[in-house]
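The primary structure of each chain is shown beneath.
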Amino acid sequence: MASVAAVCISEKKGVMKHPVEYIDVKQRHGILGDAHAGDWHRQISLLASESVDKMKAVFPNIPIGAFAENILTEGIEVAALPMGTRLIVGNAILEITQIGKECHKECAIRKQVGDCVMPREGAFAIVLKEGTIKKGHEIRILSSDEWNCI
């Protein structure tokens, strides 16, 4: 079963995020209290803990949120999800809108950690159904049949 390993926010763009107990997600906004919130296609960032584990081989003390991930996942390869994939995460529904991104050369994360896995293996999503997401919540790919029933 895929699940949420951690949820994180940052009050400023371009810095590491810090873990929080839960996040509230809103349509046309993203995460309440996060610097990346807004009515755009990258409201929420997702990164697989398996991707972070690769970096831990070189940098063993990388903290949660180091790669600016809002949702750290376990058991699901987010970078392999097709665009448009809809995920049930806790009681919210997210839609994958982008895989990877261009890395900013002045990125604080790259400066502190030496590399950033988010541009290669991260995914971004918008909120389709509002809800609360926290560590331990199940992540499930929503089938088109299920989506039509919601």
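Residues numbered from 1 in each chain as written. Predicted model: local features only at pLDDT ≥ 70, side-chain atom pairs only at ≥ 80, totals over all residues. Heavy atoms only, no water.

Caption draft 1: Looking closely at the overall build of the protein chain. Of regular secondary structure, the protein chain possesses four helices and 11 strands. Taking all 150 residues of the protein chain together, 49% fall into the buried category. A fraction of 70% describes how many contacts in the protein chain between residues 6 or more apart in sequence connect residues 24 or more apart. (Helix = DSSP H or I, 4+ residues; strand = E, 2+ residues; numbered from the N terminus. Buried < 20%, exposed > 50% of the residue type's maximum accessible area, 1.4 Å probe, protein only. Contact = heavy atoms within 4.5 Å.)

Caption draft 2: Spatial organisation of the environment of K129. Looking at the secondary structure, you find K129 in strand 9 (residues 123-129). The class for K129 is partly exposed, based on a relative accessible area of 36%. In this structure the C-alpha to C-alpha distance between K129 and R28, which are 101 residues apart in sequence, comes to 9.9 Å. Sequence-distant contacts of K129, defined by excluding residues within four places in its chain, comprise V25, Q27, N91, A92 and I93. Within polar-contact distance, the side chain of K129 engages the backbone oxygen of N91 at 2.8 Å. (Polar contact = N/O pair within 3.5 Å; in protein donor to acceptor, adjacent residues only side chain to side chain.)

Caption draft 3: Seen up close, the pattern of salt bridges. The final tally for this structure, using the stated rule, is four salt bridges. Where K26 meets E130, a salt bridge forms, and the shortest distance between an N and an O atom there is 4.0 Å. Placement of the pair is K26 in strand 3 (residues 22-26) and E130 in the loop between strand 9 and strand 10 (131-134), with a sequence separation of 104 residues. Among the residues examined, K26 registers a relative accessible area of 31% and is labelled partly exposed. (Salt bridge = Lys/Arg side-chain N within 4 Å of Asp/Glu carboxyl O.)

Caption draft 4: Just the pairing of strand 1 (residues 2-9), in detail. The element strand 1 is largely enclosed, with a buried count of eight among its eight residues. Here two bridges tie strand 1 to strand 11 (residues 138-141), and the two strands are oriented antiparallel to one another. Across the sheet, A2 pairs through a bridge with I139, a residue of strand 11. Examined bridge by bridge, strand 1 and strand 6 (residues 71-74) share four bridges and lie antiparallel to one another. The residue bridging V4 from the neighbouring strand is T73, located in strand 6. As paired strands, strand 1 and strand 2 (residues 18-20) are joined by three bridges and run antiparallel to one another. (Pairing = 2+ DSSP bridges.)

Caption draft 5: Representation of the sheet that holds strand 4 (residues 30-31). Reading across the sheet, the three strands line up as 4-3-10 and stay open at both edges, with antiparallel pairing between neighbours. For this open sheet the edge positions go to strand 4 and strand 10, each flanked by a neighbour on one side alone.

Caption draft 6: Spatial organisation of the nonpolar core. Counting residues in hydrophobic clusters, the biggest one holds 24 residues, and the most contacted among them are I71 and I133. Element by element, the count of residues in this core is highest for strand 1, at four residues. If near-sequence neighbours (up to four positions away) are discounted, I71 is found in contact with V4, A6, V7, I23, I44, S45, L46, L47, L94 and I133. Counting residues in each nonpolar core, the second largest holds 13 residues, with A6, V52, L72 and C116 among its members. (Core = buried A, V, L, I, M, F, W, Y, C linked by side-chain atoms within 4.5 Å.)

Caption draft 7: Up close: the pairing of strand 8 (residues 92-99). Across the eight residues of strand 8, seven count as buried, placing the element largely inside the fold. Here four bridges tie strand 7 (residues 86-89) to strand 8, and the two strands are oriented antiparallel to one another. Counterpart to V89 in the pairing with strand 8 is A92. Counted along the chain from strand 7 to the antiparallel partner strand 8, the turn is two residues long, and its residue G90 has a positive phi close to 65°. Where strand 8 and strand 9 come together, six bridges link them in antiparallel fashion. If you follow Q98 over to strand 9, its bridge partner there is F124.

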